[in-house]
Amino acid sequence: MLRRLIRPARRLPIWLIFSITAPFVFEVLLHLWRYSVPRPASELDSPFFTTCQEPDVNAKRENAVLVMLARNHELEKANKTITSIEQHFNKWFNYPILFLNDEQWSPRFIEVLNKTARGLATFEVVPQEQWTFPEEVDVNAAKQNIKEQGEKGIPHAGEEGYHHMCRFYSGKFYKLDILKKYKWYWRLEPDVDFTCAITYDPFVQMARHKKVYGFTIALWEVGKSCPSLFRHMADWKEMMRIPSNGLWKAMVSPSWVPFPLRKFMSWLPYRDAHGDEWNLCHYWSNFEIADMDFFRTRAYQELFDYLDKKGGFYFERWGDAAVHSLAVAMLADPRQVHHFEDFGYRHDHLYQCPANAPGGQLPDSPLLGSGNWSPEMDNGIGCRCECDGRTTSNHPGFCLNRLKQPTSIKRPWYSLIL
Ligand code: GDP
Ligand code: MN
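Now for a quick tour of the structure. Just so it is clear, the structure is predicted and the values come from calculations on it, not from any experiment.

### Side note on the state of the cysteines
Throughout the structure, instances matching the rule amount to four disulfides. Note that C52 is cross-linked by a disulfide to C383, the S-S spacing being 2.0 Å. Taking the sign of the S-S torsion, 100 degrees for the link of C52 and C383, the bridge is right-handed. With a gap of 331 residues between them, C52 in the loop between α2 (14-34) and β1 (64-69) and C383 in the loop between β14 (350-352) and α14 (398-404) connect regions that are remote in the sequence. Residue classification places C383 among the buried positions, given a relative accessible area of 5%.

Structure representation (structure tokens):
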């Protein structure tokens, strides 16, 4: 009796196994293929310049402003950033600088920063109604949840102000009265170093090349801060029948699970309703040069309002970087995104450092003056970069490669498996 029970099941014929599995395998391959990122026939996003330029101080400027949100206690770090951008850019181009705070500015902050900014700065307080919980959110529940998020160790998630900041930068900032008169902004943060000379006007180049969003560094988002963000974004995209362009596809890691089981994967974090996953790649938004008209479009504002009502700026810690990046991927054409790969940039422990362009440093330039810079290297594109392009490369990795795929014909060997 026992022998009969444990007798091995009759082997299924191979042709039967094949006929059952083949359609599923075929469907999975088709699904993966639908998410393959199309490569362009020619480079769609190259550096605007690959050598130093004689700064054209008399050229027409764009309607642009440098913006820094900060707190009074960040005086020294804010001053460091402004000193750096002065030295490397604004002493030639004289763009206005706007400081924003959710509290009154201390007289000391104004005094010190105004001096560093050579009187080009304005100091504003964000109106209370732009820096608070949306109507739909139960404030007490949100505060309790923020406390719990902090205890779980999600970066910044225990700070109420940080949640307001992310919501503000995601959807409110472009509508401030003080910013209405501007089209372009360059976002600055305290504690930033610009490590190369920026000898051309990036706003003028963005406009000339029809760009809407510029970045320096791309990296992974902290997954725990936004488990449901991608689902809501993708739901909205589907509701609005927005087709997937190459950039959206570059943000997605399609599931290998066969239909119809794939759908069950949608219960997992950062998945869309079909079970496909956001790879968490996004542009690091402490540096942004962008067209505010993009964020002022009806499509973006409706997307923001949709997200806002979901409460994830408080019950999770959705970052403005992730929101901007996924929105750009959804609503902009990949060729409208620009990587400022010629900029030397550092914030926290992350940096981008181009090597200096061979023969492109304009050593006799009257405006750039004399100075020291790192060695020039073949294929270097930097202008007088002080960071060492020999030992420090552009912030490497998966996300930069992914997000550049829709615009770049250069294929690193590992792009085949990414
Ligand atoms: P991280 O770069 O994401 O680690 O966060 P930061 O601490 O650098 O904050 C991002 C930006 O938001 C910086 O410009 C901060 O000055 C600003 N920020 C964050 N929280 C607050 C806040 O409560 N009030 C104000 N005024 N600014 C804030
Ligand atoms: Mn920061």
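### A few points about the packing of helix α6 (residues 160-172) against helix α13 (residues 320-331)
At a minimum axis separation of 8 Å, α6 and α13 run at an interaxial angle of 25 degrees. Looking at the two axes, α6 sits roughly parallel to α13. The chirality of how α6 crosses α13 is right-handed. Together, M165, C166, Y169 and S170 of α6 and D320, V323 and H324 of α13 make up the contact between the two elements. Across the contact of α6 with α13, the residue classes tally to four nonpolar, two polar and one charged.

### Some words on a nonpolar patch on the surface
Where nonpolar side chains cluster on the molecular surface, the patch consists of L12, I14, W15 and I17 and spans about 480 Å² of accessible area. Examined against the element boundaries, L12 turns out to sit in the loop between α1 (2-5) and α2.

### Quick notes on the site of ligand 1
In the vicinity of ligand 1, 14 residues are found, and the nearest of them are L69, E74, D102, H156 and Y162. Here A70 contributes a backbone N or O atom positioned 3.0 Å from a nitrogen atom of ligand 1. With respect to ligand 1, the side chain of E189 contributes an N or O atom lying 3.0 Å from an oxygen atom. In the shell around ligand 1, the residues fall into six nonpolar, four polar and four charged.

### Here we look at the sheet that holds strand β5 (residues 192-194)
In spatial order, the strands read β5-β13-β14; together these three strands make up an open sheet with antiparallel pairing. Looking at the sheet topology across the chains shown, the edges are occupied by β5 and β14. Shown here is a sheet whose adjacent strand axes are inclined to one another by a mean of 10 degrees, direction ignored. Along the sheet face, helix α3 (residues 75-93) touches β5 and β13 (345-347) and points at about 10 degrees away from the line of β5.

### Describing the coordination of the manganese ion (ligand 2)
Surrounding the manganese ion (ligand 2) are the protein donor atoms E189 (OE) and H347 (NE2), which sit 2.0 to 2.2 Å from the metal. Placement of the pair is E189 in the loop between β4 (184-188) and β5 and H347 in strand β13, with a sequence separation of 158 residues. Taken individually, E189 and H347 each receive the classification buried, so the pair is uniform in this respect.

### Concerning the sheet that holds β1
Pairing is mixed across the open sheet formed by seven strands, whose spatial order is β3-β2-β1-β4-β11-β6-β12. Unpaired on one side and paired on the other, β3 (121-125) and β12 (337-339) mark the two borders of the sheet. Here the strands of the sheet are splayed against their neighbours by 20 degrees on average, with no regard to which way each runs. Of the pairings in the sheet, the one linking strand β2 (residues 97-101) to β3 comprises five bridges and is parallel in character. The residue of β3 that forms the bridge with F99 is F123.

### Concerning the pattern of salt bridges
Scanning the entire structure with this criterion turns up 21 salt bridges. The salt bridge involving K183 is made with D293; its shortest N-O contact spans 3.2 Å. Placement of K183 in the loop between α6 and β4 and of D293 in helix α10 (residues 292-295) is noted, with a sequence separation of 110 residues between them. R335 is paired through a salt bridge with D333; the nearest N and O atoms lie 3.3 Å apart.

### Concerning α13
For an α-helix the count is 3.6 residues per turn, leaving residues at separations of three or four pointing the same way. The terminal C-alpha atoms of α13, which comprises 12 residues, lie 16 Å apart, in line with the 16 Å expected from a rise of 1.5 Å per residue. Most of α13 is tucked away: 11 of the 12 residues are buried. If you check which residues of α13 are buried, you get D320, A321, A322, V323, H324, S325, L326, A327, V328, A329 and M330.

### Some details on the side chain of D320
One can find D320 in helix α13. Look at D320 and you get buried, because its relative accessible area is 4%. Only 2.6 Å separates the side chain of D320 from the side chain of S285, close enough to count as a polar contact. Ignoring sequence-local partners within four residues, the contact set of D320 consists of M165, C166, Y169, S170, R187 and S285.

What counts and what doesn't
Residues numbered from 1 in each chain as written. Chains lettered and ligands numbered in written order. Predicted model: local features only at pLDDT ≥ 70, side-chain atom pairs only at ≥ 80, totals over all residues. Heavy atoms only, no water. Disulfide = S-S within 2.5 Å. Helix = DSSP H or I, 4+ residues; strand = E, 2+ residues; numbered from the N terminus. Buried < 20%, exposed > 50% of the residue type's maximum accessible area, 1.4 Å probe, protein only. Axes fitted to C-alpha atoms, helices over the stretch in contact; angles between N-to-C directions. Parallel < 35°, antiparallel > 145°, perpendicular 65-115°, else oblique. Left-handed = near helix turned anticlockwise from the far one by under 90°. Contact = heavy atoms within 4.5 Å. Nonpolar A, V, L, I, M, F, W, Y, C, P; charged D, E, K, R; others polar. Patch = residues over 30% accessible without salt bridge, like charges linked within 9 Å, V, L, I, M, F, W, Y side chains within 5 Å. Areas by Shrake-Rupley, 256 points an atom, 1.4 Å probe, with all protein chains shown as cover. Salt bridge = Lys/Arg side-chain N within 4 Å of Asp/Glu carboxyl O. Near = heavy atom within 4 Å. Polar contact = N/O pair within 3.5 Å; in protein donor to acceptor, adjacent residues only side chain to side chain. Pairing = 2+ DSSP bridges. Donors = N, O, S within 2.8 Å, 3.2 Å for Na, K, Ca; no water. Expected span 1.5 Å × (residues − 1).

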